[in-house]
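Structure at a glance
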Amino acid sequence: MRRSVGLGAINKKKLAEAKYKDKGSELAEEQLNQMSKQLEAFRDNLEEFAANHKNDIKKNPQFRMHFQEMCATIGVDPLASSKGFWSEMLGVGDFYYEIGVQIIEVCLATQHRNGGLMNLEELVQKVRSTRGRSKQAQDVSLDDVMRAIKKLKCLGNGFVLHRLNDGRYLVQSVPAELNMDHTSVLNIAQGTGHVSIKKLQEKLGWQKERSLLVMDRLVQEGLVWVDDQNREGRLYWFPGLFPDT
C-alpha cells in the first residue's frame, strides 16, 4: 500500500513538472513573438525615418553616423549589400562600396612609400582628394572610411585597422598577420616613428633575441625600413606613422 502511494506521488510530481515545463515553453514562445513584433515595428519605423531624412543621411556625415548606430541597435546593416531596400532608398550601400574602391586605390598607390601601413587621418585626406574639391569630398568622414575598411575584410586580411595607445589608428593594407608583439612595437614607435632593439629591451623588458625576432618579421613583411647608418646603432623606421606632407 505504501509502495503504491509512493509511486502515485512520484507520477503526480512528474506530471506537475511537465505542466510547468509546457507553461514555461509557452511563455517563452509568447515573449519571443512579442520581441519579434517589436523588432519588426522598429524596422518599419526605421525605414520611415530613413525616408523622411534621406537627404540628411546622404549629405551629413555626423547624421549618417548616428543613423548607422541606430541601425546597429536593432540588428540592421544598411551596408550588407549594394542592392536592396537601403541601397535603393539611400544609396548608402553604393556610397561605402565606392569609398572602399577609393581606399584600395590609395593604399596600392602608396605601398611603395609606407610599406602598407598608413595613418587613418592621412587616408581620409587622400580619399577626399580623389573625390575632387567639391562639396562631395567633405561628405566623407573618418567614421565613413572606418566603416568602409571593415567591409573590405571580405577581401581577406589585407585591410585591417590597428588602434594605437594614443587613440590614433593605422590602416594595414598588406596581408600580414600582426600579433600582440608587433602592436607593442607600433606603440613604442608612435612618438618618433622608429625603434631600436635597445629601446625595445628597455621599454618592454624583452630579451634581445625576442626583439630581433619580432623586428625581422616586420622587415620581411616590408612594414619597416632599416637604417644602419645611424650613430646610435640600427634603427627600424615605420614610414606609415608619418602623414604624407
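What you see is a predicted model; the values in this text were computed from it and never measured.

**Structural notes on the overall build of the protein chain**
- Along its length, the protein chain carries 11 helices and 6 strands.
- Put simply, of all contacts in the protein chain between residues at least 6 apart along the chain, 53% involve residues at least 24 apart.
- A total of about 15,200 Å² of accessible surface is found on the protein chain, and carbon and sulfur atoms cover 53% of it.

**Structural notes on the confidence of the model for the protein chain**
- Here the protein chain averages 77 in pLDDT, while 69% of its residues score no lower than 70.
- The least confident element of the protein chain is helix α7 (residues 135-138), whose mean pLDDT is 54; the most confident is helix α10 (residues 197-204), at 92.

**Section: the sheet that holds strand β2 (residues 160-163)**
- Ordered by their spatial adjacency, 3 strands build an open sheet running β1-β3-β2, and the pairing between neighbours is antiparallel. If you trace the sheet from one side to the other, it starts and ends with β1 (117-119) and β2, each paired once. Here the average twist between neighbouring strands, direction ignored, is 30°.
- The pairing of β2 with strand β3 (residues 169-172) spans 4 bridges and is antiparallel. In the sheet register, arginine 163 faces β3, and the bridge partner there is tyrosine 169.

**Quick look at the nonpolar core**
- Judged by nonpolar contacts, the single largest core of 22 residues is most densely connected at Val185, Val195, Leu200, Met215, Leu218 and Phe238.
- For this core, the secondary-structure elements that each account for two or more residues are α9 (180-189), α10 and α11 (208-220).
- Of all hydrophobic cores here, the second largest spans 20 residues; its members include Leu123, Val145, Ile149 and Phe159.

**Quick look at the pairing of β3**
- Bridge analysis of β1 against β3 gives 3 bridges, and the strand direction is antiparallel. Of the residues in β3, the one forming a bridge with leucine 117 is glutamine 172.
- Linking β2 to β3, which pair antiparallel, is a turn of 5 residues; within it glycine 167 sits at a positive phi near 95°.

**Describing the environment of valine 226**
- Locating valine 226 in the fold gives a position in strand β5 (residues 225-227).
- A relative accessible area of 36% means that valine 226 is categorised as partly exposed.
- Once the C-alpha coordinates of valine 226 and histidine 194 are considered, the two residues, 32 residues apart in sequence, prove to be 9.5 Å apart.
- If near-sequence neighbours (up to four positions away) are discounted, valine 226 is found in contact with Val219, Arg234, Leu235 and Tyr236.

**Digging into the side chain of histidine 182**
- Following the sequence through the fold, histidine 182 ends up in helix α9.
- Beyond its immediate chain neighbours, meaning those up to four positions away, histidine 182 contacts Glu177, Val214, Arg217 and Leu218.

**Remarks on the pattern of salt bridges**
- Scanning all chains against the criterion turns up 6 salt bridges.
- In this structure, the salt-bridge partner of arginine 168 is aspartate 166, at a minimum N-O distance of 2.8 Å.
- Judged by its relative accessible area of 22%, arginine 168 is partly exposed.
- Owing to a relative accessible area of 42%, aspartate 166 belongs among the partly exposed residues under this scheme.
- With a closest N to O distance of 2.7 Å, aspartate 181 and arginine 210 form a salt bridge. Remark: arginine 210 occurs in helix α11 and aspartate 181 occurs in helix α9; sequence separation between them is 29 residues.

**Observations regarding the sheet that holds strand β4 (residues 194-195)**
- Ordered in space as β4-β6-β5, the 3 strands form an open sheet in which the pairing is antiparallel. Each of the sheet's edge strands pairs with one partner strand only, and the pair in question is β4 and β5.
- In this structure, β5 lies alongside strand β6 (residues 235-237), joined through 3 bridges in antiparallel fashion. When the bridges of β6 are listed, tryptophan 225 appears paired with tryptophan 237.

**Section: the environment of isoleucine 197**
- By the secondary structure assignment, isoleucine 197 is in helix α10.
- Not counting the four nearest positions on each side in its chain, isoleucine 197 is found in contact with Lys208, Ser211, Leu212, Met215 and Tyr236.

**Overview of the side chain of serine 196**
- With respect to the helices, strands and loops of the structure, serine 196 is situated in the loop between β4 and α10.
- Discounting chain neighbours no more than four positions away, the residues touching serine 196 are Arg234, Leu235 and Tyr236.

**Focus on the packing of α10 against α11**
- Two elements in contact, α10 and α11, have axes separated by 9 Å at closest approach and are oriented at 120°. Between α10 and α11, the crossing angle belongs to the class labelled oblique. The two elements α10 and α11 cross, and the hand of that crossing is right-handed. Along the contact surface, α10 presents Ile197, Leu200 and Gln201, while α11 presents Lys208, Ser211, Leu212 and Met215.
- Its residues assigned to classes, the contact of α10 with α11 shows 4 nonpolar, 2 polar and 1 charged.

Conventions and cut-offs
Residues numbered from 1 in each chain as written. Predicted model: local features only at pLDDT ≥ 70, side-chain atom pairs only at ≥ 80, totals over all residues. Heavy atoms only, no water. Helix = DSSP H or I, 4+ residues; strand = E, 2+ residues; numbered from the N terminus. Contact = heavy atoms within 4.5 Å. Areas by Shrake-Rupley, 256 points an atom, 1.4 Å probe, with all protein chains shown as cover. pLDDT = per-residue confidence, 0-100. Pairing = 2+ DSSP bridges. Axes fitted to C-alpha atoms, helices over the stretch in contact; angles between N-to-C directions. Core = buried A, V, L, I, M, F, W, Y, C linked by side-chain atoms within 4.5 Å. Buried < 20%, exposed > 50% of the residue type's maximum accessible area, 1.4 Å probe, protein only. Salt bridge = Lys/Arg side-chain N within 4 Å of Asp/Glu carboxyl O. Parallel < 35°, antiparallel > 145°, perpendicular 65-115°, else oblique. Left-handed = near helix turned anticlockwise from the far one by under 90°. Nonpolar A, V, L, I, M, F, W, Y, C, P; charged D, E, K, R; others polar.

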